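Residues per chain, in single letters:
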Amino acid sequence: MNNTYINIKTNALDNVKVPTRETLKTFLSNRTIISVKDFGAKGDSTTDDTTAFKNALASDSYSIYVPQGTYNLSEELLLDDAKTLIFATEDTILNFTQTIGNAISMKMSANIRGHHGTIVVPYEFSGNVINIVSSLDDNATNVPPWTKWDPQWKTARYITDLNITKHDSRGFHYSIDGTCYGNAIYCECNENNGVSTFIWGLNFSGIRIAGAFNYGVYFKNLDSAWNHDLRCEVIMDACKIGVCLDNCNNAYIDATIQPRWSYSCFNNSSLLFVPSKK
């Protein structure tokens, strides 16, 4: 199945509160854009720019700009609550060199505006390029949702116009022996010591995945009352399984999938759907 389309109508939320004027002014006052180059990043395809990126992401600014260039990174980056990573152009490349762990983890209300830029990982990379996993910090029982407008509790995450790919020493992104590693995008709503966590409002659009990943996009346990509005629009090539919905509902998936049979990728399924356990 090269073209997969799923449309499951989402549920509307009632009693959503709008921000007050003062809360909105406070939030917008922290939207000053800073550049990773302000923190010493080179983007010259040679320097390890990990420290510069981490320092930029740890600053008070919510908007971190990445100018044109190729940035070598050797450790996971964390997009904390309400942080936005902004790629400048299609010539902005984040080149991760590690083969395990995650490349970028996103907390609540974190965003990536790709502007057709690219994240590259090694062919043997076995982790998650984009990792979104809920925690007790995201739990609605800590702060009643929708009773006030605050970026700390605005839980949606957005990724737009982003390329995710692999490379090996030959420059290939696809498998020639049927071996695939890791996931391009992984999202899981988990449970911590019996306390349910939640993820609300995932919107991924203009995503292009090209690489020998086990899963292009993997969504797990997004089936509870808090999990609304999962929307994913993606084109992918060479993944073993394109889309996996494991115990999910309220999802809208628009995916064009090329499994690369001609390169013996042993594609199990363009789409894998695991019904809800409830």
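Our structure is the block above this text.
Here goes a summary of the coordinates provided. (Residues numbered from 1 in each chain as written. Predicted model: local features only at pLDDT ≥ 70, side-chain atom pairs only at ≥ 80, totals over all residues. Heavy atoms only, no water.)

### Considering the overall build of the chain
Looking only at helices and strands, the chain features two helices and 21 strands. Residues classed as buried in the chain amount to 52% of the 278 residues present. Within the chain, contacts between residues separated by at least 24 positions form 76% of all contacts whose residues are at least 6 apart in sequence. When the accessible area of the chain is evaluated, it comes to approximately 12,500 Å², of which 50% is carbon and sulfur surface. (Helix = DSSP H or I, 4+ residues; strand = E, 2+ residues; numbered from the N terminus. Buried < 20%, exposed > 50% of the residue type's maximum accessible area, 1.4 Å probe, protein only. Contact = heavy atoms within 4.5 Å. Areas by Shrake-Rupley, 256 points an atom, 1.4 Å probe, with all protein chains shown as cover.)

### Considering the packing of aromatic side chains
Scanning the model with the defined rule gives five aromatic pairs in all. Ring geometry for Tyr123 and Tyr181: centres 6.0 Å apart, planes at 80 degrees, overall edge-to-face. Taken together, the residues Tyr123 in the loop between β10 (111–122) and β11 (128–133) and Tyr181 in the loop between β12 (157–167) and β13 (183–188) connect sequence positions 58 residues apart. On the accessibility criterion, Tyr123 (9% relative accessible area) is buried. Put simply, the rings of Tyr186, Tyr215 and Tyr218 pair up and form one aromatic cluster. The ring of Phe213 is capped by Lys166, whose NZ or CZ atom sits 4.7 Å from the centre of that ring. Over the ring of Tyr252 we find Arg231; its NZ or CZ atom is 4.2 Å from the centre of that ring. (Phe/Tyr/Trp six-rings, centres within 6.5 Å; stacked < 30°, edge-to-face > 60°. Lys NZ or Arg CZ within 6 Å of the ring centre and 35° of its normal.)

### Focus on the pairing of strand β7 (residues 84–87)
Taken residue by residue, a regular strand's side chains alternate between the two faces of the sheet. Judged by which residues are buried, β7 turns out to be covered on both faces: Thr84 and Ile86 on one side and Leu85 and Phe87 on the other are all buried. Note: strand β4 (residues 63–66) against β7, four bridges, orientation parallel. From the neighbouring strand, Ser63 faces β7, where its bridge partner is Thr84. In terms of strand pairing, β7 meets β10 through three bridges, oriented parallel. Bridge pairing in β10 places Thr84 opposite Asn111. (Pairing = 2+ DSSP bridges.)

### What to know about the pairing of β10
For β10, a buried count of nine out of twelve residues is recorded, marking the element as mostly surrounded by other parts of the structure. Relative to β10, strand β8 (residues 92–96) is paired through three bridges, and the arrangement is parallel. Residue pairing for β10: Ile93 is matched across the bridge by Thr118. Pairing geometry for β10 and β12, over nine bridges, is parallel. Looking at the pairing, Val120 lines up with Thr165 of β12.

### Some words on unusual backbone geometry
Despite not being glycine, His116 shows a phi value in the positive range, around 70 degrees. By secondary structure assignment, the location of His116 is in strand β10. Owing to a relative accessible area of 46%, His116 belongs among the partly exposed residues under this scheme. Phi is positive for Asp161, which is not a glycine, with a value near 50 degrees. Here Asp161 shows up in strand β12.

### Some details on helix α2 (residues 50–57)
Considered for burial, the residues of α2 that qualify are Thr50, Ala52, Phe53, Ala56 and Leu57. In a view along the axis of α2, the buried residues occupy a sector of 165 degrees, so they form one face of it. (Arc of directions from axis to C-beta.)

### Considerations on the environment of Leu94
Here Leu94 is to be found in strand β8. Using a relative accessible area of 0% as the deciding quantity, one classes Leu94 as buried. Between the C-alpha atoms of Leu94 and Thr70, which are 24 residues apart in sequence, the distance is 6.0 Å. Setting aside its immediate chain neighbours within four residues, Leu94 contacts Phe53, Val66, Tyr71, Leu73, Leu85, Phe87, Ile104, Thr118, Ile119 and Val120.

### Brief notes about the nonpolar core
Membership of the largest hydrophobic core comes to 55 residues, with the highest contact counts inside it found for Leu94, Ile104, Ile130, Ile209 and Phe219. Those residues in contact with Ile209 that sit more than four places away from it in its chain are Ile164, Ala184, Gly216, Val217, Val234, Ile235, Met236, Asp237 and Cys239. (Core = buried A, V, L, I, M, F, W, Y, C linked by side-chain atoms within 4.5 Å.)

### Re the environment of Ile100
Counting through the fold element by element, Ile100 comes out in the loop between β8 and β9 (102–106). Considered as a pair, Ile100 and Gly182 are 82 residues apart in the sequence and their alpha carbons are 8.7 Å apart. Apart from the residues within four sequence positions on either side, Ile100 is in contact with Phe125 and Ser126.

Note that all results are geometric; they support no functional claim without further evidence.
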